[in-house]
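Next come the chains, spelled out residue by residue.
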Amino acid sequence: MQVTKTERFPIRVQSDVVVVRQKVRNWTIELGLSLIDQTKVITAASELARNTLEYGGGGEVELASLKNDIGKNGLRLIFEDQGPGIPDINLALTDGYTSGGGLGMGLSGSRRLMNEFNIESEVGKGTRVTVIKWK
Amino acid sequence: MESQLATILKKNESKILSQWVEEQKKLGSTRVSNEDLISQCTNFLRLLIEGLQKNKSFSIAGTGWDPIRRCLDEVSRARGLLGFSPSETATFVFSLKLPIFSLLRQEIADSAQLTEETWNATSLLDQLGLYTTEAYQRTREEIIARQQEEMLELSTPVVKLWDGILALPMIGTLDSSRTQVVMESLLQRIMETGSEIAIIDITGVPTVDTLVAQHLIKTVTAARLMGAECIISGIRPQIAATIVHLGVDLAGVTTKASLADAFHVALARSGRTVTKVGGARSEKLRETRV
Amino acid sequence: MERIPILKLGSFLLVTIQVDMHDELAVRLQDDLTTKIVDSSARGVLIDISALDIVDSFIGRMLAGIASMSKILDAQTVVVGMQPAVAITLVELGLSLDGIKTALNVDRGMKLLRDSLELSEDENLAAGEANGEFESIHASDEN
């Protein structure tokens, strides 16, 4: 798998979430995703960016263009924060579970919207969510 | 010692050609027209000789053998389309062995050299023969992919039954990706036509698995979010049993036994009814006229 | 301060969301709408989201919130014009927004509101009960 292009954006205030959505939209169009896949990726990005802001106390997102071994193109998003971390990842991935005031669909829903989903978290250190959509 | 193969073949090109064509006719390549067969053979033999002249090695992987590989691509493709089996297709190359070997026996006196050249020729022809099988398979895969695409287009018509009522008659086995494509086009058409009711008829669907059932439910939910209602009709008894066994919850989804029942409900929900014109008498009149 | 405009059409309120909403704006809309429902004694709220190319869980929650709050204030909410891709994504995300009424466009939404108002004000509910499950989807040709 090779990374052909990357870009990073801060997620510090609410308007940053809107910016991340717009950037992700441009990248999905560039990748040539169908309208439905574009919508799925942007929605997942919106959920994850909000999580980074609300639960992680802010952080960053890295957008990357991927090409895998058989020449398939994809888009990878990595959301990173230095917040309190998630003590029980399986619980956080359960539909309807929320530690804040949300619907508890952010993490579990984003996982369904993307092709690949990975979450690493350490209590007291922060959380890193990696998602990939293949074309 | 330099291989004499190219020189020997070049010198006897027309003789090999006629023997080779005869050999193939004997083996039953009658589905290819005589002209096509001769032009294919002429072309191949010319490229084989050129390849031998240009390339030191007898391995066809190098770029020097590109022209002959392209020629085989075309031959395999043409034969694949004509319905040849892979071995029939490979016969095109293997049938060249007999003419070449007998020629080598005539031309080369030294037995060590004869063995050497025969080995060169056989290894080269074996590779080319195997290559036709690969090319043949690629052609078949292209055909299958194209047919799948065509089937997808063919089998997903969204039809308008009445103003504001759409129907999607699904036919054949549903896999998850096909269901998804069909459902997306249904939702698109709902929006384009402003239809408030869509009937998904699965009379022609032999089986439904969990994924497909879930896609159906997701579509019904998505349509509701858009402001339209879906009715599923034509659920066969076996499918009903499967759905219950799989534990798929169809609550909240309107289901009807037949498309006609579903259409009736759709009409009622849009404030319409179907009545016979003029009642029983005119019915009788029409029958007598017929 | 940036605000989403709320239009009054007779006894209904119409909101057309055309901007890429950040969360504060969504919360503000929710507050503005409930205030306006009370001030104008509106009986129905139409929220046109045909220009939105995504609805995430936050906006979904906001829409559900408006629907249940307006219900308490005796007004019906209809969300209209959701794009197919948005609907599919919402379902995949796990939100079906069960409590929200929907319509294909503003016209249909308006009709849905009018019909349900007529129904609820009609003294003789017999007809409504008989067709209970078809409630408010009738295409009445008199209108």
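One structure accompanies this document, and this report is about it. Since this is a predicted model, take the numbers as computed values, not measurements. (Residues numbered from 1 in each chain as written. Chains lettered and ligands numbered in written order. Predicted model: local features only at pLDDT ≥ 70, side-chain atom pairs only at ≥ 80, totals over all residues. Heavy atoms only, no water.)

Topic: the packing of helix α1 (residues 23-40) of chain C against helix α2 (residues 57-72) of chain C
All names here are of chain C.
Now for step 1: As a packed pair, α1 and α2 sit with axes 10 Å apart at the nearest point and diverge in direction by 10°. Taken together, the axis directions place α1 and α2 in an arrangement best described as roughly parallel. Contacts between α1 and α2 involve Asp 23, Ala 26, Val 27, Leu 29, Gln 30, Leu 33, Thr 34 and Ile 37 from the first element and Phe 58, Met 62, Gly 65, Ile 66, Met 69 and Ser 70 from the second.
Now for step 2: Classifying every residue of the contact of α1 with α2 gives nine nonpolar, four polar and one charged. (Axes fitted to C-alpha atoms, helices over the stretch in contact; angles between N-to-C directions. Helix = DSSP H or I, 4+ residues; strand = E, 2+ residues; numbered from the N terminus. Parallel < 35°, antiparallel > 145°, perpendicular 65-115°, else oblique. Contact = heavy atoms within 4.5 Å. Nonpolar A, V, L, I, M, F, W, Y, C, P; charged D, E, K, R; others polar.)

Observations concerning the sheet that holds strand β1 (residues 159-162) of chain B
Residues and elements named next belong to chain B.
Now for step 1: Read from one edge to the other, the open sheet built from five strands follows the order β1-β2-β3-β4-β5, with strand pairing classed as mixed. Of all the strands in the sheet, just β1 and β5 (254-256) have a single pairing partner and so form its edges. For this sheet, the mean inter-axis angle between neighbouring strands, taken without regard to orientation, is 30°.
Now for step 2: Looking at chain direction, strand β4 (residues 229-233) and β5 are connected through three bridges and run parallel. Note that in β5 the partner of Ile 232 across the bridge is Thr 255.
Now for step 3: Sheet strands touched by helix α8 (residues 176-193): β2 (165-171) and β3 (197-204). Its angle to β2, the strand with the most contacts, is close to 165°. (Pairing = 2+ DSSP bridges.)

Remarks on the packing of helix α3 (residues 34-54) of chain B against helix α4 (residues 66-81) of chain B
Axes are the key here: two packed helices are described by the angle between their axes and the distance separating the axes.
Residue and element names in this part refer to chain B.
Now for step 1: Viewed as axis vectors pointing N to C, α3 and α4 meet at an angle of 160°, and their least axial separation amounts to 9 Å. The pairing of α3 with α4 is recorded here as roughly antiparallel in orientation. Here α3 runs over α4; the crossing is left-handed. Across from Leu 37, Gln 40, Asn 43, Phe 44, Leu 47 and Leu 48 in α3, the residues of α4 making contact are Pro 67, Ile 68, Cys 71, Leu 72, Val 75, Ala 78 and Arg 79. (Left-handed = near helix turned anticlockwise from the far one by under 90°.)

Bear in mind that shape data such as this cannot, by itself, settle questions of function.
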